[in-house]
Amino acid sequence: MVASISNRGGSAAAIQHHYDVSNEFYQLWLDSTLTYSSGLWDSPTLDDDLEAAQHRKIDWHLQASGATTGKRLLDIGCGWGALMQRHIQSNPQNQATGLTLSHNQYLHIRTLNSPQIQVCEESWIVHQPTAPYDAIVSIGAFEHFAQPEAASDEKISVYREFFSRCQQWLKPKGKLSLQTIAYGSLNAEDKNVFTQTEIFPDSELPRPGEIFIASDGLFEVKTYRNDRLHYGKTCDLWLKNLRRQKPLVIEQFGEELYLKYEQYLKLAVAGFYFGQILLLRFEMQSLAK
Ligand SMILES: C[S@@+](CC[C@H](N)C(=O)[O-])C[C@H]1O[C@@H](n2cnc3c(N)ncnc32)[C@H](O)[C@@H]1O
């Protein structure tokens, strides 16, 4: 089944509902790199700080995607650009292209004024590269690709289209590094209405099996990890930051927004710790010859 243009890739309006609250709002409770996805810890006690865990996560993806040995990197869902900046800083020859649907993120990256970074305010659905990429990374965007009411075969169809595009855009044997939240013990039927409508409208999580089916024959899964406790820890640290900044957040953005994000982060911490939702990281290699 081929998904229609209206039900794939997430709508720009839905993305902007979440990410365009204001850059200053996110600066108050994310780490200084403005990374908005799970960190990565390498000790079982998860005991170093958030910024170190975010750098480690970025480095894991640069390594897994092969960006550390290639030059041209595509970051699908680039956020405020932390991963692209790390890539270009490691070598003056390196180049990065980032895709985002958030206007604020787009403007933020433009102000970096880096000739090595190109940012496009567009969905992967319409992206047309000028040359093949050496590596592709996508962190925290996959959750937005399918519609909430989509049946499993419709979701798989959208995801397969995504993997197929990534394969076409990569050099032969090129690699894709993917990070996404996925359903664990939670079912689509009893998913959290609050998070879905208030925080992330128009989004839907994949099930792990849907990702394997959708990428089958296009990519070999070389590494698969479920780091749900890492995302639980990350959300816990974001929640602590948010609470520490409570007076400022309420003064600048109002109590309603503060309470909304406090509730969302509390639910996310519990969801990851209890295994209702998972945090998946994939290292995948293109099977194209
Ligand atoms: C949770 S943020 C993660 C940002 C960044 N990767 C990070 O780890 O900090 C999700 C990102 O995905 C982007 N996004 C969502 N759907 C997209 C789509 N269809 N095409 C391109 N980007 C998309 C959003 O604009 C946002 O930049």
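As a reminder, the structure under discussion sits directly above these lines.
Counting restarts for each chain: residues are numbered from 1 in the order of the written sequence. A pLDDT threshold of at least 70 governs which residues receive local features in this predicted model, and a stricter bar of 80 or more applies before side-chain atom pairs are shown or counted, although totals over entire chains, interfaces and linings include all residues. With hydrogens and water excluded, all non-hydrogen atoms of the structure serve as input to the side-chain values.

## Comments concerning unusual backbone geometry
One non-glycine residue, Asn 113, adopts positive backbone phi at about 55 degrees. Helix numbering and strand numbering both begin at the N terminus, where a helix is a DSSP run of H or I of at least 4 residues and a strand a DSSP run of E of at least 2. With respect to the helices, strands and loops of the structure, Asn 113 is situated in the loop between α5 (103-110) and β3 (117-120). On the basis of relative accessibility, which here comes to 68%, the residue Asn 113 falls in the exposed class. Of note, the phi angle at Lys 173 is positive, near 70 degrees, even though the residue is not glycine. Mapped onto the secondary structure, Lys 173 falls in strand β5 (residues 170-183). Under the scheme applied here, a residue whose accessible area is under 20% of the maximum for its type counts as buried, over 50% as exposed, and between as partly exposed, the area being computed with a 1.4 Å probe on protein chains only.

## Regarding the pattern of salt bridges
Once their charged atoms are close, side chains differing in charge can pair, the charge on each being opposite to the other. Take a side-chain nitrogen of Lys or Arg and a carboxyl oxygen of Asp or Glu: if they are within 4 Å of each other, that pair is a salt bridge. Inspection of every chain in the model, using the stated rule, returns 11 salt bridges. Measuring nitrogen to oxygen at the nearest pair gives 2.7 Å for the salt bridge that ties Glu 283 to Lys 175. With Glu 283 in strand β7 (residues 277-286) and Lys 175 in strand β5, this residue pair connects regions lying 108 residues apart in the sequence. For the pair Glu 283 and Lys 175, one class covers both residues: buried.

## So, the pairing of β7
Extensive coverage of β7 is indicated by the burial of 10 of its 10 residues. Of the two faces of β7, the one carrying Ile 277, Leu 279, Arg 281, Glu 283 and Gln 285 and the one carrying Leu 278, Leu 280, Phe 282, Met 284 and Ser 286 are both buried. Here, a strand pair is defined by DSSP locating no fewer than two bridges between the strands. Two strands pair when backbone bridges link them, and β5 and β7 are joined in this way by 9 bridges, in the antiparallel orientation. Paired with Thr 180 across the bridge in β7 is Leu 280. Bridge count for strand β6 (residues 219-226) against β7 is 7 bridges, and the pairing is antiparallel. Paired with Val 221 across the two strands is Met 284, which belongs to β7.

## Some remarks on the packing of helix α3 (residues 50-64) against helix α4 (residues 82-89)
The geometry of a pair of packed helices is captured by two quantities: the angle between their axes and the separation between those axes. Two elements in contact, α3 and α4, have axes separated by 10 Å at closest approach and are oriented at 65 degrees. By the angle between their directions, the pair α3 and α4 is classed as roughly perpendicular. Relative to α4, the crossing made by α3 is right-handed. Each of His 55, Ile 58, Asp 59, His 61 and Leu 62 in α3 lies in contact with α4, whose residues at this interface are Ala 82, Leu 83, Arg 86 and His 87. Looking at the contact of α3 with α4 residue by residue, the classes come out as 4 nonpolar, 3 polar and 2 charged. Angles here are taken between N-to-C directions and fall from 0 to 180 degrees, while the axes themselves are lines fitted to C-alpha atoms, restricted in helices to the stretch in contact. Here the word oblique covers every angle except those under 35 degrees (roughly parallel), over 145 (roughly antiparallel) and from 65 to 115 (roughly perpendicular). Crossing handedness: left-handed means the near helix sits turned counterclockwise from the far one by under a right angle, and right-handed means the same turn made clockwise. Contact between two residues is taken to exist if any of their heavy atoms lie within 4.5 Å; hydrogens are not considered. All amino acids are sorted into three groups, where Ala, Val, Leu, Ile, Met, Phe, Trp, Tyr, Cys and Pro are nonpolar, Asp, Glu, Lys and Arg are charged, and the leftover types, Gly among them, are polar.

## Thoughts on the sheet that holds β6
Each strand in a sheet pairs with another by means of backbone hydrogen bonds, the pair being arranged parallel or else antiparallel. In space, the 7 strands of this open sheet follow the order β3-β2-β1-β4-β5-β7-β6, with mixed pairing throughout. The sheet is open, and its two edges are formed by β3 and β6, each paired on a single side. The mean angle between the axes of side-by-side strands here comes to 15 degrees, regardless of whether they run parallel or antiparallel. As paired strands, strand β2 (residues 95-99) and β3 are joined by 4 bridges and run parallel to one another. Opposite Ala 96, over in β3, you have Ile 117 as the bridge partner.

## A word on the packing of aromatic side chains
In this analysis, rings of Phe, Tyr and Trp, with Trp reduced to its six-membered ring, are considered paired at centre separations within 6.5 Å, and the interplanar angle assigns stacked below 30 degrees, edge-to-face beyond 60, and tilted for intermediate values. Evaluation of the coordinates by the stated rule reveals 27 aromatic pairs. Look at Phe 25 and Phe 253: their rings are 5.4 Å apart centre to centre, the planes differ by 70 degrees, and that puts the pair in the edge-to-face class. With a gap of 228 residues between them, Phe 25 in helix α2 (residues 23-27) and Phe 253 in helix α10 (residues 246-253) connect regions that are remote in the sequence. What makes Phe 25 buried here is its relative accessible area of 0%. The interplanar angle of 50 degrees and the centroid separation of 5.2 Å between the aromatic rings of Tyr 26 and Trp 80 together place this pair among those described as tilted. Taken together, the positions of Tyr 26 in helix α2 and Trp 80 in the loop between β1 (72-76) and α4 put the pair 54 residues apart, joining distant regions of the chain. No difference in accessibility class separates Tyr 26 from Trp 80, as the two residues are buried.

## Concerning the nonpolar core
Nonpolar side chains in soluble globular proteins generally cluster together in the buried interior. For our purposes a nonpolar core is just a set of buried Ala, Val, Leu, Ile, Met, Phe, Trp, Tyr and Cys residues, chained together by side-chain atoms within 4.5 Å. Ranked by size, the top nonpolar core spans 33 residues in total, and within it Tyr 26, Trp 29, Tyr 36, Trp 238 and Tyr 261 carry the most contacts. Among the secondary structure elements, those contributing two or more residues to this core are α2, α3, β5, α9 (228-244), α11 (255-273) and β7. Examining the composition of this core, we find that 8 residues originate from one element, α11, more than from any other. Counting 31 residues, the second largest nonpolar core, distinct from the first, contains Ile 125, Phe 162, Leu 176 and Leu 218.

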